[in-house]
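Residue strings, one per chain:
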Amino acid sequence: MANSRFGYVRDFETHDTLLPQTYIVVRIDGKKFHEFSKHYDFAKPNDERALRLMNACAKNVVMQYRTDLILAYGESDEYSFILRRDSALFNRRSDKIATLFVSLFTANYVSLWPKFFTDRALDGKHLPYFDSRCVVYPNLTAVKDYLSWRFVDTHINNLYNTAFWQLIQKCGMTPQESENRLSGTVSSEKQEILFKDCGINYNNEPEMFKKGSLVTNKGAILHIDVIKQIDELFEEF
Ligand code: ATP
Ligand code: ATP
Ligand code: MG
Ligand code: MG
Ligand code: MG
Ligand code: MG
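Residues numbered from 1 in each chain as written. Chains lettered and ligands numbered in written order. Predicted model: local features only at pLDDT ≥ 70, side-chain atom pairs only at ≥ 80, totals over all residues.

- By the naming in an unreviewed UniProt entry, the protein chain goes by tRNA(His) guanylyltransferase and is assigned to Maudiozyma humilis.
- For the protein chain, the Function (unreviewed entry) comment in UniProt is given as "Adds a GMP to the 5'-end of tRNA(His) after transcription and RNase P cleavage."
- The UniProt entry for the protein chain carries the following text under Catalytic activity (unreviewed entry): "a 5'-end ribonucleotide-tRNA(His) + GTP + ATP + H2O = a 5'-end phospho-guanosine-ribonucleotide-tRNA(His) + AMP + 2 diphosphate + H(+)". (UniProt positions renumbered as here; feature names shortened; annotations may be inferred.)

1. A short note on the sheet that holds strand S6 (residues 221–222)
Turning to step 1, where the next piece is worked out: Taken together, the 6 strands give an open sheet; going across it, the order is S4-S1-S3-S2-S5-S6, and neighbouring strands pair in antiparallel fashion. Every other strand in the sheet has two partners, leaving strand S4 (130–137) and S6 as the edge strands with one partner each.
Turning to step 2, where the next piece is worked out: Contacting strand S1 (23–30), strand S3 (78–83) and S4, helix H3 (residues 94–116) runs over the sheet at an angle of about 135° to S4. (Pairing = 2+ DSSP bridges. Helix = DSSP H or I, 4+ residues; strand = E, 2+ residues; numbered from the N terminus. Contact = placed C-beta atoms within 7 Å. Axes fitted to C-alpha atoms, helices over the stretch in contact; angles between N-to-C directions.)

2. Focus on the UniProt feature "domain: Thg1 C-terminal" (unreviewed entry) in the protein chain
Turning to step 1, where the next piece is worked out: The sites that UniProt annotates as "domain: Thg1 C-terminal" (unreviewed entry) are residues 142–217.
Turning to step 2, where the next piece is worked out: A helix fraction of 70% and a strand fraction of 5% characterise residues 142–217, whose end C-alpha atoms lie 20 Å from each other.

3. As for the nonpolar core
Turning to step 1, where the next piece is worked out: Within the largest apolar cluster, 36 residues are counted, with the highest numbers of intra-cluster contacts made by Val26, Ala72, Phe81, Ile82, Phe101 and Phe105.
Turning to step 2, where the next piece is worked out: Per-element accounting of this core gives the leading share, 7 residues, to helix H2 (residues 48–64).
Turning to step 3, where the next piece is worked out: Those residues in contact with Phe81, other than ones at most four positions away along the chain, are Val26, Val61, Leu69, Ala72 and Phe101.
Turning to step 4, where the next piece is worked out: Ranked by size, the runner-up nonpolar core spans 6 residues in total, among them Leu159, Ala163, Leu167 and Tyr202. (Core = buried A, V, L, I, M, F, W, Y, C linked by C-beta atoms within 7 Å. Buried ≥ 20, exposed ≤ 12 C-beta atoms within 10 Å, placed from the backbone.)

4. Quick word on the packing of H2 against H3
Turning to step 1, where the next piece is worked out: Where H2 contacts H3, the axes come no closer than 9 Å and their chain directions differ by 135°. Judged on the interaxial angle alone, H3 and H2 are oblique. Considering only the axes of H2 and H3, their crossing is right-handed. In this structure, H2 contributes Arg49, Arg52, Leu53, Ala56, Cys57, Asn60, Val61 and Gln64 to the contact, and H3 contributes Phe101, Leu104, Phe105, Asn108, Tyr109, Leu112, Trp113 and Phe116.
Turning to step 2, where the next piece is worked out: Along the lines of polarity and charge, the residues of the contact of H2 with H3 split into 11 nonpolar, 3 polar and 2 charged. (Parallel < 35°, antiparallel > 145°, perpendicular 65-115°, else oblique. Left-handed = near helix turned anticlockwise from the far one by under 90°. Nonpolar A, V, L, I, M, F, W, Y, C, P; charged D, E, K, R; others polar.)

5. With respect to the site of ligand 1
Turning to step 1, where the next piece is worked out: In the vicinity of ligand 1, 16 residues are found, and the nearest of them are Phe33, His34, Phe42, Asp47 and Ala50.
Turning to step 2, where the next piece is worked out: The set of elements that each furnish at least two residues to the shell around ligand 1 consists of S1, helix H1 (33–39) and H2.
Turning to step 3, where the next piece is worked out: Ranked by the residues each element gives to the shell around ligand 1, the list is headed by H1, at 3 residues.
Turning to step 4, where the next piece is worked out: When grouped by side-chain class, the residues that make up the shell around ligand 1 number 5 nonpolar, 5 polar and 6 charged. (Near = placed C-beta within 6 Å.)

6. Re the pairing of strand S5 (residues 213–216)
Turning to step 1, where the next piece is worked out: Across 4 bridges, the pairing between strand S2 (residues 69–75) and S5 is antiparallel. Bridged to Tyr73 within S5 is Leu214.
Turning to step 2, where the next piece is worked out: For S5 and S6, the ladder comprises 2 bridges, and the chain directions are antiparallel. Directly across from Leu214, in S6, lies its bridge partner Leu222.
Turning to step 3, where the next piece is worked out: What sits between the antiparallel neighbours S5 and S6 is a turn of 4 residues, in which Gly219 has the positive phi angle 95°.

7. Here's the deal with the environment of Phe117
Turning to step 1, where the next piece is worked out: Examined against the element boundaries, Phe117 turns out to sit in the loop between H3 and S4.
Turning to step 2, where the next piece is worked out: On a C-alpha basis, the gap between Phe117 and Asn157 in space is 24 Å, while along the polypeptide they are 40 residues apart.
Turning to step 3, where the next piece is worked out: Ignoring any residue separated from it by four or fewer positions in sequence, one finds Phe117 in contact with Tyr40 and Arg49.

In structure tokens, the structure reads:
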């Protein structure tokens, strides 16, 4: 087959080889999970089962490629996998890495779903699927900043979403009223609104919601202050 007269079409294939000696980050993100989460009645703003399912999938991906991985970090419907700079996985082919990580993750998501959503089966018209990309970072500073960026994103989103939904659920506001109340407020003001209007001390919210989830290359799942521990996390890399 390989030597038929049709074989020349293979020459049309191109392969993106990721720069050597750079840290590769694979980020996957759920497609239309706003809708998906509504369909399966996720608790708002944070469905714990869904987050634990994401973590379990990420852990299985990490364990499969542990020798190439430094760590993985996730929040909401996304996960980032950070590879060692000397990784030679799939000859550093971008398409291979991105597609194999995301399909392994998705296969896990579907197969582990019943373990976390015990009373609700996936239906064929609303299946989970994810996009995936590879990005390279040239040095340790940049890759630490990448992780810090996702961590800050978790914090900002979670604080906003917690306040937004509490104003609706506890104070009976409409989504529009809640949005207006929070518009233009800084972090400390949102925390104050949560405390005064909803009786909630943001500090007491679950660590997984506030800090996201980090999977070490040994498979431990942690909810830690990434920025405070950034140097330790990359110590051996
Ligand atoms: P896109 O396809 O462009 O990624 P999206 O609808 O997935 O669109 P995102 O920006 O990725 O948009 O946001 C994911 C959305 O999924 C969140 O805004 C939230 O509504 C929902 N979501 C994800 N995980 C959870 C969770 N654990 N609990 C509740 N809602 C969640
Ligand atoms: P790679 O990961 O490099 O793709 P591979 O083992 O998947 O490695 P392929 O060249 O893609 O190698 O070949 C797929 C192999 O899977 C086939 O050689 C065959 O052994 C097996 N296979 C796939 N589909 C079937 C099928 N329907 N029935 C029996 N065997 C199958
Ligand atoms: Mg998106
Ligand atoms: Mg998404
Ligand atoms: Mg997302
Ligand atoms: Mg094959």
